[in-house]
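Given next are the chains, with one letter for each unit.
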Amino acid sequence: MKLGFSLPQFGAAAHRPQDIARFSRQAEEMGADSLWVGDRLLAAVDPLVGYGGGDTVPRQFRAALDPFTVLTAAADATESALLGTNVINAPWYPPALLARSFAGIDLLSGGRLLPGLGTGWSPEEYEAVGVPMAERGRRLDETLDVLDAFWSDGTVAHSGPHWTVAPSHVEVKPAQRPRPPIYLGGFAPAALERVGRRADGFLPITTVPGGPDLGRAVDRPLAAVREAAERHGRDPNALDVVLRINPDPEARVEDIATTVLEAGREHGVGHAFVDLMYLAEDVDRTLDLAERILEKVRGR
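Since the structure is predicted, the reported quantities are computational estimates derived from the model, not experimental observations.

Reading the values: the criteria
- Residues numbered from 1 in each chain as written.
- Predicted model: local features only at pLDDT ≥ 70, side-chain atom pairs only at ≥ 80, totals over all residues.
- Heavy atoms only, no water.
- Helix = DSSP H or I, 4+ residues; strand = E, 2+ residues; numbered from the N terminus.
- Rg over C-alpha atoms; globule rule 2.2 N^0.38 Å.
- Buried < 20%, exposed > 50% of the residue type's maximum accessible area, 1.4 Å probe, protein only.
- Contact = heavy atoms within 4.5 Å.
- Areas by Shrake-Rupley, 256 points an atom, 1.4 Å probe, with all protein chains shown as cover.
- Lys, Arg positive; Asp, Glu negative; His and termini not counted.
- Charge placed at Lys NZ, Arg CZ, Asp CG, Glu CD.
- Axes fitted to C-alpha atoms, helices over the stretch in contact; angles between N-to-C directions.
- Parallel < 35°, antiparallel > 145°, perpendicular 65-115°, else oblique.
- Left-handed = near helix turned anticlockwise from the far one by under 90°.
- Nonpolar A, V, L, I, M, F, W, Y, C, P; charged D, E, K, R; others polar.
- Salt bridge = Lys/Arg side-chain N within 4 Å of Asp/Glu carboxyl O.
- Core = buried A, V, L, I, M, F, W, Y, C linked by side-chain atoms within 4.5 Å.

Draft legend 1. Focus on the overall build of the protein chain. On a plain count of helices and strands, the protein chain comes out with nine helices and 14 strands. Taking 2.2 N^0.38 as the reference for a compact globule, 300 residues should give roughly 19 Å; the C-alpha atoms of the protein chain span a radius of gyration of 19 Å, in line with that estimate. Principal-axis analysis of the C-alpha atoms places the extent of the protein chain at approximately 55 × 40 × 40 Å. Expressed as a percentage of its 300 residues, the buried residues of the protein chain come to 53%. The long-range fraction of contacts in the protein chain, counting pairs at least 24 apart against all pairs at least 6 apart in sequence, stands at 74%. As presented, the protein chain carries roughly 13,200 Å² of accessible surface, and 49% of it is formed by carbon and sulfur atoms. With 31 positive and 42 negative side-chain charges, the protein chain shows a separation of 1 Å between the mean positions of the two kinds.

Structure representation (structure tokens):
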């Protein structure tokens, strides 16, 4: 199975963006199949909604690099690793600008972009970007329409409730044709329905150790996604899956490797990535962990 890692984007790593290229290059040389970014804008002091349903926001989110900057650096430093977003909070961005940024990164990387989109969870972040949080689902749906318009051949045009694009010439397209595959995250019923109706892939998530078993984390939501795909006349088996593994600070390399192997052997997951944000705050330590996980998973 494909195995990737998060890029150094949050926490202490955010203060050393010059390390992104070195991490990307060395992780690829070790055998990492993919490199990933997330999307955080701020960490509220007294959040109305905490991370993961709690009442706080992780300390690491107090420092966050722009995901498009990080992906650009990684694209320039690598040759084969896939470059994913898990996830870009799509409703924050005018979709015309999102289409341009994604197209540029896909071109720069030679067609290696895996754009994953979601809606986020922080009311304070929505307030900061001036977007009503209550509209996030509808805005994500319309964003998908605008991306399709911008990445299709011919004249670009769109008219919707939130954005209008006059008939226009936009000749810079992504390297992947007809477009990069769109992945969507989320676990609410409406989010799973959207994945089945609109996406090329699903982004489930689990925590190690102590998170939900992979049946609950992967199999159950994926069954709902595939049912939705069938209802909308799509091939449910054509949907790809990339599993995000979030290790807790006390997680061992053995715990992570076991979860990766179980996901592949028992749950049919063909691609996973490990977010090392909570386990290491410097690039050398992060690279060491990535190498040890790869060795365990691949029996080297």
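Draft legend 2. Highlighting the packing of helix H8 (residues 253–267) against helix H9 (residues 283–298). Relative orientation of the contacting elements H8 and H9 amounts to 50 degrees, with a least axis distance of 9 Å. On the basis of their axis angle, the class for H8 and H9 is oblique. In this structure, H8 meets H9 at a crossing whose hand is right-handed. Residues Val-253, Glu-254, Ile-256, Ala-257, Val-260 and Leu-261 of H8 lie in contact with H9, whose contacting residues are Leu-289, Arg-292, Ile-293, Lys-296 and Val-297. A breakdown of the residues in the contact of H8 with H9 according to their chemical character gives eight nonpolar, no polar and three charged.

Draft legend 3. Representation of unusual backbone geometry in the model. Look at the link from Arg-177 to Pro-178: it is a cis peptide, with omega at 10 degrees. Within the secondary structure, Pro-178 is located in the loop between strand E8 (164–168) and strand E9 (183–185). The omega torsion of the bond from Val-208 to Pro-209 falls at -15 degrees, within 30 degrees of zero and hence cis. Along the chain, Pro-209 falls in the loop between strand E11 (205–208) and helix H7 (214–231).

Draft legend 4. The arrangement of the side chain of Glu-124 in detail. By secondary structure assignment, the location of Glu-124 is in helix H4 (residues 123–129). One buried charged side chain, Glu-124, makes no salt bridge at all; its nearest oppositely charged neighbour is Arg-40, positioned 9.1 Å away. Sequence-distant contacts of Glu-124, defined by excluding residues within four places in its chain, comprise Leu-42, Ala-44, Asp-46, Pro-47 and Leu-48.

Draft legend 5. Local environment of the nonpolar core. One finds Phe-5, Leu-117, Val-274 and Ile-293 to be the most contacted residues of the largest nonpolar core, which totals 78 residues. Excluding anything up to four places from it in sequence, Val-274 contacts Leu-3, Gly-4, Phe-5, Ser-6, Ile-245, Pro-247, Ile-256, Val-260 and Ile-293. Of all hydrophobic cores here, the second largest spans seven residues; its members include Val-87, Leu-114, Leu-203 and Val-242.

Draft legend 6. Geometry of the pattern of salt bridges. Scanning the model with the defined rule gives 20 salt bridges in all. For Arg-59, the salt bridge goes to Glu-281, with nearest N and O atoms at 2.9 Å. A residue pair is termed long-range when its members are at least 10 positions apart, and Arg-59 in the loop between strand E2 (34–37) and helix H2 (67–77) and Glu-281 in the loop between strand E14 (271–274) and H9 qualify at 222 residues. Its relative accessible area of 47% is what places Arg-59 among the partly exposed residues. Through salt bridges with shared partners, a single ionic network connects Asp-145, Asp-148, Arg-179, Arg-198 and Asp-200.

All we've got here are geometric facts, nothing functional implied.
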